[in-house]
Amino acid sequence: KLYILVFWELQHLAAFMEDIDRHGVDIAEIYEVVQYEGNVLSRLYMLVTAGTVRMWRKKPEDDMLNDLSTMLTAVQHPIRGLFLRYYLLQMVKDKLLDLRGVQGAIQFLLMSLRECAGL
């Protein structure tokens, strides 16, 4: 239940980050500032949130999704790592085909599954 509440609040945060007129800060700047968060787990959740909003707002760099996925390997705790990977997949599931195409989406999902099995 706690994860569902956190996921819901992070969705609200992503919606707020998307509305630049409301807060006046560019999403690239938010993405850079989030990288200085002290706690690793909260930093990764914020990076996934800011990174996916950045992918939605402008033409994504090809490496953004790979960078986010690579950063998630920093979490060694199995349950936390699984929830974090699930959160990333939930955030990109609507845009995964647009970002990668069918072959790239399948490769990304298989890589994510391999990482989850390794936890």
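Bear in mind the structure is a predicted one, so any value in this text is a computation, not a measurement. (Residues numbered from 1 in each chain as written. Predicted model: local features only at pLDDT ≥ 70, side-chain atom pairs only at ≥ 80, totals over all residues. Heavy atoms only, no water.)

(A) The arrangement of helix α3 (residues 27-34) in detail. Considered for burial, the residues of α3 that qualify are Ile-27, Ala-28, Ile-30, Tyr-31 and Val-34. Along the long axis of α3, the arc covered by the buried residues comes to 160°, so they all point the same way. (Buried < 20%, exposed > 50% of the residue type's maximum accessible area, 1.4 Å probe, protein only. Helix = DSSP H or I, 4+ residues; strand = E, 2+ residues; numbered from the N terminus. Arc of directions from axis to C-beta.)

(B) Molecular detail of helix α6 (residues 78-92). A rise of 1.5 Å per residue sets the reference length of α6, with its 15 residues, at 21 Å; its end C-alpha atoms lie 21 Å apart and thus fit the reference within 8%. For α6, the full list of buried residues reads Gly-81, Leu-84, Arg-85, Tyr-87, Leu-88, Met-91 and Val-92. Down the axis of α6, the buried side of the element spans an arc of 155°, and every buried residue falls inside it. (Expected span 1.5 Å × (residues − 1).)

(C) Highlighting the packing of aromatic side chains. Across all of its chains, the model carries five aromatic pairs by this definition. Taking 5.9 Å as the distance between ring centres and 55° as the angle between the ring planes, the aromatic pair formed by Tyr-3 and Tyr-86 counts as tilted. Taken as a pair, Tyr-3 in helix α1 (residues 2-18) and Tyr-86 in helix α6 lie far apart in primary sequence, 83 residues in all. Assessed through its relative accessible area of 42%, Tyr-86 is described here as partly exposed. (Phe/Tyr/Trp six-rings, centres within 6.5 Å; stacked < 30°, edge-to-face > 60°.)

(D) Representation of the environment of Gln-11 in the model. Among the secondary structure elements, Gln-11 is positioned in helix α1. In sequence terms Gln-11 and Thr-49 are 38 residues apart; their C-alpha atoms lie 8.1 Å from each other.

(E) Representation of the side chain of Thr-49. In this fold, Thr-49 is placed in helix α4 (residues 40-57). Non-local contacts of Thr-49, meaning those with residues more than four positions away in its chain, are made with Leu-10, Leu-13, Ala-14, Met-17, Tyr-87 and Met-91. (Contact = heavy atoms within 4.5 Å.)

(F) Focus on the environment of Met-71. Here Met-71 lies in helix α5 (residues 62-71). Along the sequence, Met-71 and Leu-47 sit 24 residues apart, while their C-alpha atoms lie 9.1 Å from each other. Dropping the residues within four chain positions of it, Met-71 is found in contact with Tyr-31, Leu-44 and Leu-47.

(G) Main features of the packing of α1 against α4. Between α1 and α4, the least distance of the axes is 10 Å, while the angle of their chain directions is 40°. Considered as vectors, α1 and α4 are oriented oblique to each other. Read as a crossing pair, α1 and α4 show a hand that is right-handed. Contact with α1, carried on its side by Tyr-3, Leu-10, Leu-13, Ala-14, Met-17 and Glu-18, involves Tyr-45, Met-46, Thr-49, Ala-50, Val-53, Trp-56 and Arg-57 of α4 and no other residues of that element. Among the residues making up the contact of α1 with α4, the classes are represented as ten nonpolar, one polar and two charged. (Axes fitted to C-alpha atoms, helices over the stretch in contact; angles between N-to-C directions. Parallel < 35°, antiparallel > 145°, perpendicular 65-115°, else oblique. Left-handed = near helix turned anticlockwise from the far one by under 90°. Nonpolar A, V, L, I, M, F, W, Y, C, P; charged D, E, K, R; others polar.)

(H) Quick look at the packing of α3 against α4. In the contact formed by α3 and α4, the axes pass within 9 Å of each other and the chain directions differ by 165°. What the angle tells us is that α3 and α4 run roughly antiparallel. Here the hand of the crossing between α3 and α4 comes out left-handed. Across the interface between the two elements, Ile-27, Ala-28, Ile-30, Tyr-31 and Val-34 of α3 pack against Arg-43, Met-46, Leu-47, Ala-50, Gly-51, Val-53, Arg-54 and Arg-57 of α4. Split by residue class, the contact of α3 with α4 holds nine nonpolar, one polar and three charged.

Interpretation note: all reported values are geometric properties and have no functional meaning in isolation.
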